[in-house]
Amino acid sequence: MKVAVAGCCHGALDKMYETLELLHQRHNVRPDLLLCCGDFQAVRNEADLRCMAVPAKYRHMQTFYRYYSGEKKAPVLTVFIGGNHEASNHLQELPYGGWVAPNIYYLGYAGVVRFRGVRIGGISGIFKSHDYRKGHFECPPYNQQTIRSAYHVRNIEVFKLKQLKRPIDIFMSHDWPRSIYHYGNKKQLLKMKSFFRQEVESNTLGSPAASELLQHLKPTYWFSAHLHVKFAAFMQHETNSKEELPKATKFLALDKCLPHRDFLQIIDVEHDPNAGDSLEYDAEWIAILKATNSLVNVTQNSWNMPENNGLHAKWDYSVTEEAIKEVLEELNHDLKIPCNFTLTAACYDPSKPQKNMEPVHTINPQTTEFCAQFGLTDINDRIQQAKEESSGRGECEEEEEEEMDSTGSAEEPSEYSTDNSGLSSFNPDEIMLDEEGGDEDLSTCSVDPSPDHPPEFSTSFSDIRVMPDSMAVSSDDATDSNNEELEKSGGSRQGEERSPTERSLKRIGADENGNSGVKKIKRRNQAIYAAEDEDKTD
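Residues numbered from 1 in each chain as written. Predicted model: local features only at pLDDT ≥ 70, side-chain atom pairs only at ≥ 80, totals over all residues. Heavy atoms only, no water.

An unreviewed UniProt entry lists the protein chain under the name Debranching RNA lariats 1, with Geospiza parvula as the source organism. Taken directly from UniProt, the Subcellular location (unreviewed entry) text for the protein chain runs: "Nucleus". (UniProt positions renumbered as here; feature names shortened; annotations may be inferred.)

As structure tokens, this is what we get:
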């Protein structure tokens, strides 16, 4: 089975699908499945643009709305995860996954599905330690903090995925697993992206939560995006016993979707020739969702997942074969995911722009049906109930938002010592945000959708490569940094290794002379935006 893998789509669906058609015309290759590793930007209308955490100049309608409205249909089954530049209000409607348009499926906050016998898992968002231990409490209309925290990975999703016991074939994350760069051609990576050097040498680039999942799940393939650079690695996992067979993961990070760029990869994946062509539920994952349903949290309170430390009566939520069999019986052994896509918002009309359209908190019928079928908590319904209870107690929402904005997102103790969110602070290829509160209100600024332009393609098709299952990886530089060099580089970071609380206070507070640290951040971002780079307006 041929699987196409794309990096950050940024809403350019027409461009992505036309590239696949060009691939077919020139190389007679037609993929059976398309995977997208985040920043998909399923924007339906102007209200969705308001819920996307990007500066105003990057708020463009792009082409997803044509697939949402039914004007167009994805020519290949598309499965994607969320990134950090998404219409969070739209994806939030589907916390357990679902169809965002016909033939386009979102995996949810975390999820596992099957296609032709291939198990595909993923986790949406990026890692931020100060939100990692919170519940999913955000809902539109978002404020300056929640428009960002809505896409931050939570510990409950990682916990659920760590209950999986059966082998995973493909896994997707938006940000890279931390340390993965040590298993590929690191020298070439730093040649292309020299501004990653400090994080790579101090081993702080990437998501520690994703790294934990990589070591636990040991999937055959792991795909990521986010850093807007192509990079391959090969990780041989350690075995826990002599009886366990050695496992290895082929990692591939993709560039963003742009003409003339290497943003798409085709791989051959072994599949079940007797399986159907429909996307299917994964019985083990459904059983895990049922087993962990009592752990659902929709508050801002930080909490730890159950562990074997004497404080929890139960800490192992992995499921038995009997529990999996019960799920199969509930479904009459028919795992096919129903094609129950439903319009839940008005679709963008280029002839009648509505710049003042406001986002609303929506309960999606797909989620309602899914939760009812498996006895799960509808997270959005629970959030709505919590809001109503809060209003009933007379709590002022405006005061709560003001307090949140003034204090920022206070760091909580975390099992992870550092937090770089999988993104170097000096990556000019990524859309940068002034995390400390910039000169615009992300939730209320004006919306000005740009007209759609037909994609341009190079006459050369050298950017699209058909990669065999072996996926060769250069490892000539996999171990070029010794421990002594790492210690030296770590010692020269001039305070970068301060505790999370100290870093947070430094970035949102003022120095002893009364100068706010925000000014330095703004100057840095201005320099990034001013850089002469062909990707700066992706």
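1. Some points on the pairing of strand β4 (residues 98-101)
As defined by bridge partners, β4 adjoins strand β5 (residues 104-106) across 3 bridges and the pair is classed as antiparallel. Residue pairing for β5: Gly98 is matched across the bridge by Tyr106. Hairpin connection, β4 to β5: the antiparallel pair is bridged by 2 residues, and Asn103 has positive phi, about 75°. (Pairing = 2+ DSSP bridges. Helix = DSSP H or I, 4+ residues; strand = E, 2+ residues; numbered from the N terminus.)

2. Description of the side chain of Thr204
On the secondary structure map, Thr204 appears in the loop between α9 (197-201) and α10 (208-217). A relative accessible area of 3% means that Thr204 is categorised as buried. There is a polar contact of 3.0 Å between the side chain of Thr204 and the side chain of Ser202. (Buried < 20%, exposed > 50% of the residue type's maximum accessible area, 1.4 Å probe, protein only. Polar contact = N/O pair within 3.5 Å; in protein donor to acceptor, adjacent residues only side chain to side chain.)

3. Section: empty space enclosed by the protein
The method is simple in principle: a probe with the dimensions of a water molecule rolls over the atoms, and the space it marks as empty is what remains. For the structure on display, the rule yields 9 cavities of 30 Å³ or more. Taken as a whole, the largest cavity holds about 220 Å³ of empty space. What lines the largest cavity is a set of 20 residues, and nearest its centre among them are Tyr106, Tyr109, Ser124, Ala150 and Tyr151. Top element by residues in the lining of the largest cavity is helix α4 (residues 88-92). It accounts for 3 residues. Among the residues forming the lining of the largest cavity, the class breakdown is 8 nonpolar, 8 polar and 4 charged. (1 Å grid on protein atoms, 1.4 Å probe; cavity = no way out; pocket = protein on both sides within 12 Å on 5 of 7 lines; lining within 4 Å. Points joined across faces, edges and corners; volume = space filled by probe spheres on them. Nonpolar A, V, L, I, M, F, W, Y, C, P; charged D, E, K, R; others polar.)

4. Overview of helix α11 (residues 283-291)
Within α11, 7 of the 9 residues are buried, which leaves the element mostly enclosed by the surrounding structure. Along α11, the positions that sit buried rather than exposed are Ala283, Glu284, Trp285, Ile286, Ala287, Ile288 and Leu289. For α11, the elements touching its buried residues are β6 (110-115), β7 (118-123), α7 (155-161), β13 (279-281), α12 (321-330) and α13 (365-374). Two or three places before Glu284, at the start of α11, stands the capping residue Asp282, its side-chain oxygen 3.3 Å from that residue's backbone nitrogen. (Contact = heavy atoms within 4.5 Å.)

5. A word on the environment of His216
Considering the arrangement of structural elements, one finds His216 in helix α10. Judged by relative accessible area, which is 29%, His216 ranks as partly exposed. Sequence separation between His216 and Leu164 is 52 residues; the distance between their C-alpha atoms is 9.0 Å. If we skip the residues at most four places from it in the chain, His216 touches Leu161, Lys162 and Leu164.

6. Remarks on the packing of aromatic side chains
Following the criterion strictly, the structure yields 20 aromatic pairs and no others. Aromatic pair Phe64 and Tyr68: ring centres 6.1 Å apart, planes at 35°, arrangement tilted. Note that Phe64 and Tyr68 are positioned in helix α3 (residues 64-69) at a spacing of 4 residues, about one turn of the helix. With a relative accessible area of 1%, Tyr68 lands in the buried category. Taken together, a centroid distance of 5.6 Å and an interplanar angle of 70° make the contact between Phe159 and Tyr317 edge-to-face. Of this pair, Phe159 sits in helix α7 while Tyr317 sits in the loop between α11 and α12; the two residues are 158 residues apart in sequence, bridging distant segments of the chain. (Phe/Tyr/Trp six-rings, centres within 6.5 Å; stacked < 30°, edge-to-face > 60°.)

7. Brief notes about the packing of α11 against α12
Close contact between α11 and α12 brings their axes to 8 Å; oriented N to C, the two are set at 105°. Accordingly, the angle class assigned to the pair α11 and α12 is roughly perpendicular. Facing α11, whose interface residues are Ala283, Glu284, Ile286, Ala287 and Lys290, α12 presents Ala323, Ile324, Val327, Leu328 and Glu330. Its residues assigned to classes, the contact of α11 with α12 shows 7 nonpolar, no polar and 3 charged. (Axes fitted to C-alpha atoms, helices over the stretch in contact; angles between N-to-C directions. Parallel < 35°, antiparallel > 145°, perpendicular 65-115°, else oblique.)

8. Section: the nonpolar core
Of all hydrophobic cores here, the largest spans 113 residues; its most connected members are Phe40, Ile104 and Phe223. The contacts of Phe223, once residues within four sequence positions are left out, are Val5, Leu35, Cys37, Ile170, Phe171, Met172, Ser173, Leu252 and Ile267. Within the second largest apolar cluster, 9 residues are counted, among which are Met52, Val54, Met61 and Ala87. (Core = buried A, V, L, I, M, F, W, Y, C linked by side-chain atoms within 4.5 Å.)

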